[in-house]
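# Understanding the architecture of this molecule
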Amino acid sequence: MKIIRNTHTVYLESLGCAKNQVDAEVLLTYLAEDGWTKTDDVSQADLIIVNTCGFIESARQESINTFFQLHDARPDAKFIVTGCLSQRYAEALRNDLPEADGIFGNHDLSRILPLVKRVLDGERPVERPEYPSASCERDDRAGLLNFPGSAYVKISEGCSHRCKYCAIPLIRGDLRSRPEDAILAEVRRLISLGIKELNLIAQDLAAYGTDEPGHASRFCRLLEHITAIEGDFVVRLLYIHPDAFPAELPALIASNSKVLPYFDIPFQHAAVPVLRGMGRTGDRSMYLNLVQSIRATLPEAVIRSTIMLGFPGEGRAEFDELMAFIDEARLDWVGSFLYSREEDTPAWKMRNAKEHKKAAKEAAAWQKELEATQEKITAQRLQRFVGNTYDVLIEELVEGEDLAIGRMYAQAPDVDGLTVVMGRNLVPGSRIRCGITKVNGIDLQAIPCMEKK
């Protein structure tokens, strides 16, 4: 006879972007209220949730591989696949992934509990509920998946820019700005829990409010209201579309010490033929002027970007123009990825599978060239921090060593380098003043100066 344990333990693996992580935290909050206990040991889990990414092919493959790794490790558990992959390909997963006991989209997260009940009752549900009304979306999370002291705050959902390569509108729909009151309530709650760094996220922060009557951005006003809240915290801005960058933003940051002078601006490319094919209105000169204008107002500004290689219309001449932009702009951080041909996007029909495979091979070689160039630029840009002092958010201690890993303002979570702090009695989640002593590759080395509460 098989013994059924009367326990409720859940293991959740979240893949993809920070927006997906926030969704995972909300799912765990609903489950905690229903008596489920989160475990970090997959072998002890009764329920395993894989919160998938479905943005590009490599992310989808990672999601499937992760599912099977976890399934092999705990085949007796119940498995639910959630997230972007489930939202976009629910029916395909129903047919092609029989090992999944349930499939759940990423719109109305409150529906996770009825779905879990059905799974436990032996059903195999597939659900993609519509978004709830804004008033029904929750702004509290019982636990965070970040290192201590830091949290993501999602200010909007979806996107209405319609870049021709992007599947986000197919997955998350049009832009849906969250009510400002709900965002401010969430921020206050996080600050009361000791959060020192609030990372604002959206597909495009500057688009906040443009889905409402008047279609004007309300992002800068929201930022002013967030920073007016009392408390010892800083705000980091992630993801601002370059073609809609608010001209007043650098001056606002220069006058507000609570907002870090850090900009994540996904230029994607610099050559006009490629940008127009993507559905973007900028060009090399416009983007270079944006970088220069930010630095003119904020000399200490750190600018990160992402670059897409291999998009239809990119040849050697276009890549050379991109490299000229990279050399001129001297961006602090640059991530690059190869164009993924996504069905149902406008770019899908721009070339066939054979042409895409050939272009991707060529783009992979260009990517190595870009990365080698940017690595040198980043190393040079990091040198300006040596000999100066900055607040460092301590994230984790290194076992057996008198040192810790943290981040200063130039380093966003997960995507940039880190700061290694030499010292004893360092506390994860605290901010301490440190002197930067050295650059190690893409990381910084530091020693404590004085503690900051």
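Given the structure is predicted, the values throughout are model-derived calculations rather than measurements.

## A closer look at the overall build of the protein
A count of helices and strands for the protein gives 13 helices and 19 strands. Here the C-alpha atoms of the protein give a radius of gyration of 23 Å, agreeing with the 22 Å that 2.2 N^0.38 yields for 453 residues. For the C-alpha atoms alone, the extent of the protein along its principal axes is close to 70 × 60 × 50 Å. Here the protein, with 453 residues, has 55% of them falling under the buried criterion. If you sum the accessible surface of the protein, you get close to 19,800 Å²; carbon and sulfur atoms cover 51% of it.

## Points about the packing of aromatic side chains
Under the counting rule described, the total for this entry stands at 11 aromatic pairs. With a centroid separation of 5.3 Å and 65° between ring planes, the pair formed by phenylalanine 67 and phenylalanine 79 is classed as edge-to-face. With phenylalanine 67 in helix H2 (residues 57-73) and phenylalanine 79 in strand S4 (residues 78-83), the pair connects residues that are 12 residues apart, well separated along the chain. Accessibility classification places phenylalanine 67 together with phenylalanine 79 in one group, the buried group. A connected cluster of aromatic rings, assembled from ring pairs, spans Phe67, Phe68 and Phe79.

## Here's the deal with the side chain of histidine 269
Inspection of the secondary structure assignment puts histidine 269 in the loop between strand S12 (262-264) and helix H10 (272-278). For histidine 269, the side chain forms a polar contact with the main-chain nitrogen of alanine 271, separated by 3.2 Å. A polar contact is formed between the side chain of histidine 269 and the side chain of glutamate 314, at a distance of 2.7 Å. Sequence-distant contacts of histidine 269, defined by excluding residues within four places in its chain, comprise Val274, Leu275, Met278, Tyr287, Ile307, Met308, Glu314, Glu318 and Leu322.

## A word on the sheet that holds strand S2 (residues 37-38)
If you trace the 6 strands from one edge of the open sheet to the other, you get S2-S1-S3-S4-S5-S6, paired in parallel fashion. Each edge of the open sheet is held by one strand with a lone partner, namely S2 and strand S6 (126-127). The sheet contact formed by strand S1 (residues 9-14) and strand S3 (residues 47-52) spans 5 bridges and is parallel. Bridge assignment links serine 14 to a residue of S3, and that residue is asparagine 51. Strands in contact with H2 are S1, S3 and S4; relative to S3, the strand with the most contacts, it is inclined by about 170°. Taken strand by strand, helix H5 (residues 112-120) contacts S3, S4, strand S5 (102-104) and S6, and its axis lies near 150° from that of S4.

## Quick notes on the pattern of salt bridges
All chains considered together, the criterion is met by 35 salt bridges. The salt bridge involving aspartate 416 is made with arginine 304; its shortest N-O contact spans 2.7 Å. Taken together, the residues aspartate 416 in the loop between strand S16 (403-407) and strand S17 (419-422) and arginine 304 in strand S13 (residues 302-309) connect sequence positions 112 residues apart. Judged by relative accessible area, which is 9%, aspartate 416 ranks as buried.

## Examining unusual backbone geometry
The backbone of arginine 330 sits at a positive phi, close to 50°, despite the residue not being glycine. One can find arginine 330 in the loop between helix H12 (316-329) and strand S14 (333-338). When its relative accessible area of 26% is taken as the criterion, arginine 330 is described as partly exposed. The backbone of aspartate 344 shows a phi angle near 75°, a positive value even though the residue is not glycine. Position of aspartate 344 among the secondary structure elements: in the loop between S14 and helix H13 (353-382).

## Quick look at the environment of valine 42
Positionally, valine 42 belongs in the loop between S2 and S3. With a relative accessible area of 17%, valine 42 lands in the buried category. Along the chain, valine 42 and aspartate 232 lie 190 residues apart, while their C-alpha atoms are 36 Å from each other. Not counting residues within four places of it along the chain, the set of residues in contact with valine 42 comprises Tyr11, Ile48, Leu70, Ala73 and Arg74.

So, how was this worked out
- Residues numbered from 1 in each chain as written.
- Predicted model: local features only at pLDDT ≥ 70, side-chain atom pairs only at ≥ 80, totals over all residues.
- Heavy atoms only, no water.
- Helix = DSSP H or I, 4+ residues; strand = E, 2+ residues; numbered from the N terminus.
- Rg over C-alpha atoms; globule rule 2.2 N^0.38 Å.
- Buried < 20%, exposed > 50% of the residue type's maximum accessible area, 1.4 Å probe, protein only.
- Areas by Shrake-Rupley, 256 points an atom, 1.4 Å probe, with all protein chains shown as cover.
- Phe/Tyr/Trp six-rings, centres within 6.5 Å; stacked < 30°, edge-to-face > 60°.
- Polar contact = N/O pair within 3.5 Å; in protein donor to acceptor, adjacent residues only side chain to side chain.
- Contact = heavy atoms within 4.5 Å.
- Pairing = 2+ DSSP bridges.
- Axes fitted to C-alpha atoms, helices over the stretch in contact; angles between N-to-C directions.
- Salt bridge = Lys/Arg side-chain N within 4 Å of Asp/Glu carboxyl O.

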